[in-house]
Amino acid sequence: MAAVPPSSAPGGPEPPPPPLQYSLLLQHLVGEQRRPRAWDPAALGGIPSPPKSEEQKMVERAMESCTFKAALACVGGFVLGGAFGVFTAGIDTNVGFDPKDPYRTPTAKEVLKDMGQRGISYAKNFAIVGAMFSCTECVVESYRGKSDWKNSVISGCITGGAIGFRAGLKAGVIGCGGFAAFSAAIDYYLR
């Protein structure tokens, strides 16, 4: 004969059933009883690092600004352009050449003067292009709120169009397409 569990009272209300374990789990995960957790990289297996100070955050914000990126690209373009200009002047056989006296051999001073002039000219051009491209890319990235390949293509088009537009509308359109294609190729290669 099986034992019958005793009821609380004959004919009275039954006690409420205990809450389901699933509902308790939900209250702790997404409900009001949820506790926020501090993410510790050491607990996740990452390299532990101390929290950043206000000075470090300020320096990061300054280095991520469009002004800093444009200035860095300008300085880098100046250095790279100067080196490229001096290199191409060293290869060029017409450096120091005097069209009035084609049989005269140029002196070292004349050759170095021409190399310096070409280096400065290339440096200024590379600095302007680098600053324009970097600044427009940063502005486009800030406006779009995304960091992807489209930013470099758009900024390449803007930069190439602005440079080519000085020679006319057709040159501006060709410059836009050329710089955009070059930017896309470089971005594809580097990413």
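As a reminder, the structure under discussion sits directly above these lines.
Visitor: Just checking my understanding: could you explain the overall build of the protein chain for this structure?
Guide: Summing up its helical and strand segments, the protein chain has six helices and zero strands in all. Traced from its N-terminal end to its C-terminal end, the protein chain shows the element sequence α-α-α-α-α-α. Considering only intrachain contacts with a sequence separation of at least 6, the fraction spanning at least 24 residues in the protein chain is 53%. Carbon and sulfur atoms provide 67% of the accessible area of the protein chain, an area that totals close to 15200 Å².

Visitor: It is not clear to me how the side chain of threonine 159 should be interpreted in this structure. Could you clarify?
Guide: Counting through the fold element by element, threonine 159 comes out in helix α5 (residues 149-164). Of the residues examined, threonine 159 reaches a relative accessible area of 0% and is grouped as buried.

Visitor: How do you make sense of the environment of serine 155 when you look at a structure like this?
Guide: By the secondary structure assignment, serine 155 is in helix α5. For the pair serine 155 and cysteine 176, spaced 21 residues apart in sequence, the C-alpha separation works out to 9.2 Å. With residues near it in sequence (within four places) discarded, serine 155 still touches Phe133, Thr136 and Glu137.

Visitor: Explain the pattern of salt bridges here, please?
Guide: For side chains bearing opposite charge, pairing can occur when the charged atoms are close. Inspection of every chain in the model, using the stated rule, returns five salt bridges. Note that lysine 52 and glutamate 60 form a salt bridge whose closest N and O atoms lie 2.7 Å from each other. Classification of lysine 52 by relative accessible area gives partly exposed; the value is 45%.

Visitor: Looking at this structure, I do not really get the state of the cysteines. What am I missing?
Guide: Here is the idea: a disulfide is a covalent bond, and it sits between the sulfur atoms of two cysteines. Tallied over the entire structure, the rule returns two disulfides. Across a sulfur-sulfur distance of 2.1 Å, cysteine 66 and cysteine 138 are joined as a disulfide pair. Between cysteine 66 and cysteine 138, the S-S torsion sits near -80 degrees, and that sign places the bridge as left-handed. Highlighted residues: cysteine 66 in helix α3 (residues 66-91) and cysteine 138 in helix α4 (residues 108-144), separated in sequence by 72 residues. The exposure class of cysteine 138 is buried, given its relative accessible area of 6%. A disulfide bridge connects cysteine 157 with cysteine 176, and the sulfur atoms are separated by 1.7 Å. Looking down the S-S bond of the cysteine 157 and cysteine 176 bridge, the torsion is -65 degrees, so its handedness is left-handed. Of this pair, cysteine 157 sits in helix α5 while cysteine 176 sits in helix α6 (residues 169-190); the two residues are 19 residues apart in sequence, bridging distant segments of the chain. Under the relative-accessibility criterion, cysteine 176 is labelled buried at 18%.

Visitor: It is not clear to me how the packing of aromatic side chains should be interpreted in this structure. Could you clarify?
Guide: By convention here, two paired aromatic rings are described through the distance between centres and the angle between planes. Scanning all chains against the criterion turns up two aromatic pairs. For the pair phenylalanine 84 and tyrosine 122, a centre-to-centre distance of 5.8 Å together with 40 degrees between the ring planes defines the contact as tilted. Here phenylalanine 84, found in helix α3, pairs with tyrosine 122, found in helix α4; they are 38 residues apart in sequence, far enough to count as distant. According to the relative accessible area criterion, tyrosine 122 is partly exposed, its value standing at 26%. Centre to centre, the rings of phenylalanine 84 and phenylalanine 126 are 5.9 Å apart; their planes meet at 40 degrees, and the pair counts as tilted. Residue phenylalanine 84 is found in helix α3, and its partner phenylalanine 126 is found in helix α4; the two are separated by 42 residues along the sequence. With relative accessibility at 40%, the residue phenylalanine 84 sits in the partly exposed group. An aromatic cluster is present here, built from Phe84, Tyr122 and Phe126 joined pairwise through their rings.

Visitor: Got a minute to help me understand the side chain of threonine 88 in this structure?
Guide: Inspection of the secondary structure puts threonine 88 in helix α3. Classification of threonine 88 by relative accessible area gives buried; the value is 17%. The residues contacting threonine 88, other than those within four sequence positions of it, are Arg118 and Tyr122.

Visitor: I tried to follow α4 on my own but got confused; where do I start?
Guide: Under the 1.5 Å per step criterion, the end-to-end length of α4 is 53 Å for 37 residues, consistent within 8% with the ideal 54 Å. Considered for burial, the residues of α4 that qualify are Met115, Gly119, Ala123, Ala127, Gly130, Ala131, Ser134, Thr136, Cys138 and Val140.

Quick notes on the rules
Residues numbered from 1 in each chain as written. Predicted model: local features only at pLDDT ≥ 70, side-chain atom pairs only at ≥ 80, totals over all residues. Heavy atoms only, no water. Helix = DSSP H or I, 4+ residues; strand = E, 2+ residues; numbered from the N terminus. Contact = heavy atoms within 4.5 Å. Areas by Shrake-Rupley, 256 points an atom, 1.4 Å probe, with all protein chains shown as cover. Buried < 20%, exposed > 50% of the residue type's maximum accessible area, 1.4 Å probe, protein only. Salt bridge = Lys/Arg side-chain N within 4 Å of Asp/Glu carboxyl O. Disulfide = S-S within 2.5 Å. Phe/Tyr/Trp six-rings, centres within 6.5 Å; stacked < 30°, edge-to-face > 60°. Expected span 1.5 Å × (residues − 1).

Coordinates in, geometry out; function isn't part of it.
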